[in-house]
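Letter by letter, the chains look like this.
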Amino acid sequence: MAAEANLIHFGTKGWRARLDEGFGEANVMRLADGLGAVWSEAHPGARIIVGYDTRPGAGAFARVAAEVLAGWGLEALVSDRPCPTPALGFAIAHDDAACGGVMITASASPADYQGVFVRDAEGLMPTEEFLDEVEALVPGDPDVTRAIPGTIDLMDGYLDALRGYVDADAIASAGLRLVVDPLYGSGQGYLADLLRSLGCEVREIHGEQTGDLGGIHPRAVEPWVDKCERLVTQTGSHAGLVLDGDADRFGFVTGDGRLVSANRAAALLVDHIATTNGAPGRVVMPLSGSTYIRRQAKRLGCPLSVRPIGFGSSYRELHRPDALMGIGEYGGIAHVRHFLERDGILATLLLCEMMAVRSLDAAGLERALDEQVGHLDYGQRDIRLDAARVQTLRMLIPGLNPGVVAGEEPTGVSHADGLHLTFADGSWLMVRPSRTEPVVRVYAEAESPARRDELIDAGCRIAREESL
């Protein structure tokens, strides 16, 4: 078992692995034992809540984890049904007896993956220091003490809270026709039923459990949203609403079958949340966030905090008294009134409320955004390189100050989290080596697709060290 112990290494949320390359009952037990050791020492007898997604066997893995945690004298409670990750976080954040939680999910990963994500006492991702401590205590042998856990309903209170955040009368009177696509994930049924209870006409697709997620990756991006795009057009719906595998992130499809970029959807929600808040509030975004968001925040008078990539870096800013909302790298939205983590179900409800109160469909909201802040095109490209080369680039970036990139001289250079270049026309380029994979991520945004692609190509040359 000593060799197997090396399989467990935490990322920012927790641990995930392929089902045929390390994810199984033995490693779930070992990981839960490490968590139990840390939690029981710091919070003897405290409550730990365990949730799970819709992937095959997720409920059984959750039960195993809860049994091991209960064996440490903790009050371990398992969700009585599959649940979105935000529902677990919300429950922990609003339960004074809870000191943390575990979610069995692989989020947006393909069907042959599964994971163990960890949450702290606020329902948020834990610190790296906490995960390092747990990792050091994961035993090499899964022969651990187990006890009988309890069960808990995580959904009723969560769904009631979501319903209370929006103007139900406005949504009901708007007569919205919607397509909901949970991509076979743990949002299935919940968002569709909630919208129906608010008076919307809803068609749900990919809303059943399957052994292989229907061959799709549960990410709200092309090409996995193609069926939703087609059905929105065929049914004359006002919008399509897409959730990723554990429903913490979302996608938004217009009536003519176009996926709205995550950055544009985030900028729409900045407008809506700030307007309904009644006063400007602080918006927190990553360095890779869109100029749409910057311009929208400036237009509305919202203070803007720009943080390194990784949503955990946003928590400190979201705790500030004037904080309004946080935006993740891939468009996930945290509404501080709800709690400080991303929630795709809440984000889609707010977009429906925005359509209702402004008497605009999804395409109309998008056109209004461009009229307010101008049109921009955003793109991202991932380059897989040798791990040693990625590490070399990581070491070189703090000293990079390129004079001309894609024919233009940068007006600003930042090395806070990779290489971030801004230009006089508001376009920008970012080159960022991943902290967890042998991948370099290149992001760019400009006023035309051609200029965006020129910047991305230039960033790829930098990533491959062709222009260093």
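Structure shown above.
Residues numbered from 1 in each chain as written. Predicted model: local features only at pLDDT ≥ 70, side-chain atom pairs only at ≥ 80, totals over all residues. Heavy atoms only, no water.

**Student:** Let's hear about the overall build of the protein chain: which residues, and what values?
**Tutor:** Secondary structure summary: the protein chain contains 16 helices and 20 strands in total. Scaling as 2.2 N^0.38, a compact globule of 468 residues should have a C-alpha radius of gyration of about 23 Å, and the protein chain matches this with 22 Å. If you line up the protein chain on its principal axes, its C-alpha atoms span 60 × 60 × 45 Å. Across the 468 residues that make up the protein chain, the buried fraction comes to 57%. Partitioning the contacts of the protein chain with sequence separation of at least 6, the portion at a separation of at least 24 is 69%. Summed over all atoms, the accessible surface of the protein chain reaches about 17,700 Å², with 48% contributed by carbon and sulfur. Charged side chains in the protein chain number 43 positive and 66 negative. The centres of these two groups are separated by 4 Å. (Helix = DSSP H or I, 4+ residues; strand = E, 2+ residues; numbered from the N terminus. Rg over C-alpha atoms; globule rule 2.2 N^0.38 Å. Buried < 20%, exposed > 50% of the residue type's maximum accessible area, 1.4 Å probe, protein only. Contact = heavy atoms within 4.5 Å. Areas by Shrake-Rupley, 256 points an atom, 1.4 Å probe, with all protein chains shown as cover. Lys, Arg positive; Asp, Glu negative; His and termini not counted. Charge placed at Lys NZ, Arg CZ, Asp CG, Glu CD.)

**Student:** Help me get a handle on the layout of surface pockets, residues and values and all.
**Tutor:** By volume, the second largest pocket amounts to about 180 Å³. Contributing to the lining of the second largest pocket are Tyr165, His272, Ile273, Thr276, Asn277, Ala323, Leu324, His335, Val336, Arg337, Leu350 and Glu353. Elements with a contribution of two residues or more to the lining of the second largest pocket: helix 10 (262-277), strand 14 (323-327) and helix 13 (344-358). In terms of residue count, the dominant contributor to the lining of the second largest pocket is helix 10 (4 residues). Class assignment of the residues belonging to the lining of the second largest pocket gives a composition of 6 nonpolar, 4 polar and 2 charged. (1 Å grid on protein atoms, 1.4 Å probe; cavity = no way out; pocket = protein on both sides within 12 Å on 5 of 7 lines; lining within 4 Å. Points joined across faces, edges and corners; volume = space filled by probe spheres on them. Nonpolar A, V, L, I, M, F, W, Y, C, P; charged D, E, K, R; others polar.)

**Student:** Account for the environment of Asp96, with residues named and values stated.
**Tutor:** By secondary structure assignment, the location of Asp96 is in the loop between helix 4 (85-93) and strand 4 (98-104). Measuring from C-alpha to C-alpha, the distance between Asp96 and Arg47 comes to 9.0 Å, with 49 residues separating the pair along the chain.

**Student:** Could you give an account of the side chain of Asp33, naming the residues involved and the relevant values?
**Tutor:** Tracing the backbone shows Asp33 in helix 2 (residues 25-42). Although buried, Asp33 forms no salt bridge, and the nearest oppositely charged side chain, Arg30, lies 8.4 Å from it. A polar side-chain atom of Asp33 sits 2.8 Å from a polar atom in the side chain of Trp72. (Salt bridge = Lys/Arg side-chain N within 4 Å of Asp/Glu carboxyl O. Polar contact = N/O pair within 3.5 Å; in protein donor to acceptor, adjacent residues only side chain to side chain.)

**Student:** Report on helix 3 (residues 58-71), specifying residues and quantitative values.
**Tutor:** Spanning 14 residues, helix 3 covers 20 Å between terminal C-alpha atoms, matching the ideal 20 Å at 1.5 Å per step. Helix 3 sits mainly inside the fold: 10 of its 14 residues count as buried. Regarding helix 3, the residues found buried are Ala58, Phe61, Ala62, Val64, Ala65, Ala66, Glu67, Val68, Leu69 and Ala70. In this structure, the buried residues of helix 3 make contact with helix 2, strand 2 (47-52), strand 3 (75-79), strand 4 and strand 5 (113-119). Gly73, located one to two residues past helix 3, shows a positive phi value of around 85°. (Expected span 1.5 Å × (residues − 1).)

**Student:** Go over the pattern of salt bridges, please, and point to the residues and values.
**Tutor:** The full count for this structure, using the stated rule, is 33 salt bridges. Two residues, Glu366 and Arg264, come together in a salt bridge whose shortest N-O distance is 2.9 Å. Note that Glu366 is positioned in helix 14 (residues 362-373) and Arg264 in helix 10, a separation of 102 residues in sequence. Exposure class is identical for Glu366 and Arg264. Each is buried. Put simply, Glu437 and Arg384 hold a salt bridge, and the shortest N to O gap is 3.8 Å. Within this pair, whereas Glu437 is found in the loop between strand 19 (428-433) and strand 20 (439-446), its partner Arg384 is found in strand 16 (residues 377-384), the two being separated by 53 residues in sequence.

**Student:** Help me get a handle on the pairing of strand 13 (residues 304-307), residues and values and all.
**Tutor:** Inspection of the sheet shows strand 12 (residues 282-286) paired to strand 13 by 4 bridges, in the parallel sense. Counted as the bridge partner of Val283 is Leu304 from strand 13. Handedness of the crossover joining strand 12 and strand 13 through helix 11 (residues 291-300): right-handed. (Pairing = 2+ DSSP bridges. Right-handed = clockwise from strand over helix to strand, strands pointing away.)

**Student:** Go over the packing of aromatic side chains, please, and point to the residues and values.
**Tutor:** Under the criterion given, the structure shown has 7 aromatic pairs. When the ring of Phe23 is compared with that of Phe61, the centres are 5.0 Å apart and the planes differ by 90°; the resulting orientation is edge-to-face. With Phe23 in the loop between strand 1 (14-18) and helix 2 and Phe61 in helix 3, this residue pair connects regions lying 38 residues apart in the sequence. Here the two residues Phe23 and Phe61 agree in accessibility, since each one is buried. Ring plane angle 80° and centroid distance 5.9 Å describe the contact between Phe311 and Tyr315, whose orientation is recorded as edge-to-face. (Phe/Tyr/Trp six-rings, centres within 6.5 Å; stacked < 30°, edge-to-face > 60°.)

**Student:** Tell me what's going on with the sheet that holds strand 1, and back it up with residues and numbers.
**Tutor:** With respect to topology, 6 strands assemble into an open sheet ordered 1-5-4-2-3-6, the strand pairing being mixed. Single-partner strands in this sheet number two, and they are strand 1 and strand 6 (150-152). Sheet twist, expressed as the mean angle between neighbouring strand axes with direction ignored, is 20°. Here strand 2 runs beside strand 4; their pairing, made up of 6 bridges, is parallel. From the neighbouring strand, Val50 faces strand 4, where its bridge partner is Val102. Against the sheet, helix 3 engages strand 2, strand 3, strand 4 and strand 5, with an angle of about 165° to strand 2. Across the sheet, helix 4 is in contact with strand 2, strand 4 and strand 5; its angle to strand 4 comes to roughly 170°. (Axes fitted to C-alpha atoms, helices over the stretch in contact; angles between N-to-C directions.)

**Student:** Tell me what's going on with the nonpolar core, and back it up with residues and numbers.
**Tutor:** Counting 82 residues, the largest nonpolar core has Leu195 and Phe252 as the members making the most contacts within it. With 10 residues, helix 13 is the largest single contributor of residues to this core. For Phe252, the contacting residues outside a window of four places in its chain are Ala239, Gly240, Leu241, Arg258, Leu259, Val260, Leu268, Leu351, Met355, Ala362 and Leu365. Within the second largest apolar cluster, 38 residues are counted, among which are Val28, Val78, Val118 and Val138. (Core = buried A, V, L, I, M, F, W, Y, C linked by side-chain atoms within 4.5 Å.)

**Student:** Give a description of helix 2 that names residues and reports values.
**Tutor:** Across its 18 residues, helix 2 extends 26 Å between first and last C-alpha, which sits within 8% of the 26 Å expected from 1.5 Å per residue. Burial analysis of helix 2 places 14 of its 18 residues in the buried class, which makes it a mostly covered element.

**Student:** How would you sum up the state of the cysteines? Please name residues and give values.
**Tutor:** Counted under the stated rule, the structure contains 0 disulfides. Here Cys99 is not disulfide-linked; the sulfur of Cys83 is the nearest cysteine sulfur, at 17 Å. Free of any disulfide, Cys352 has its nearest cysteine sulfur in Cys200, 5.5 Å distant. (Disulfide = S-S within 2.5 Å.)

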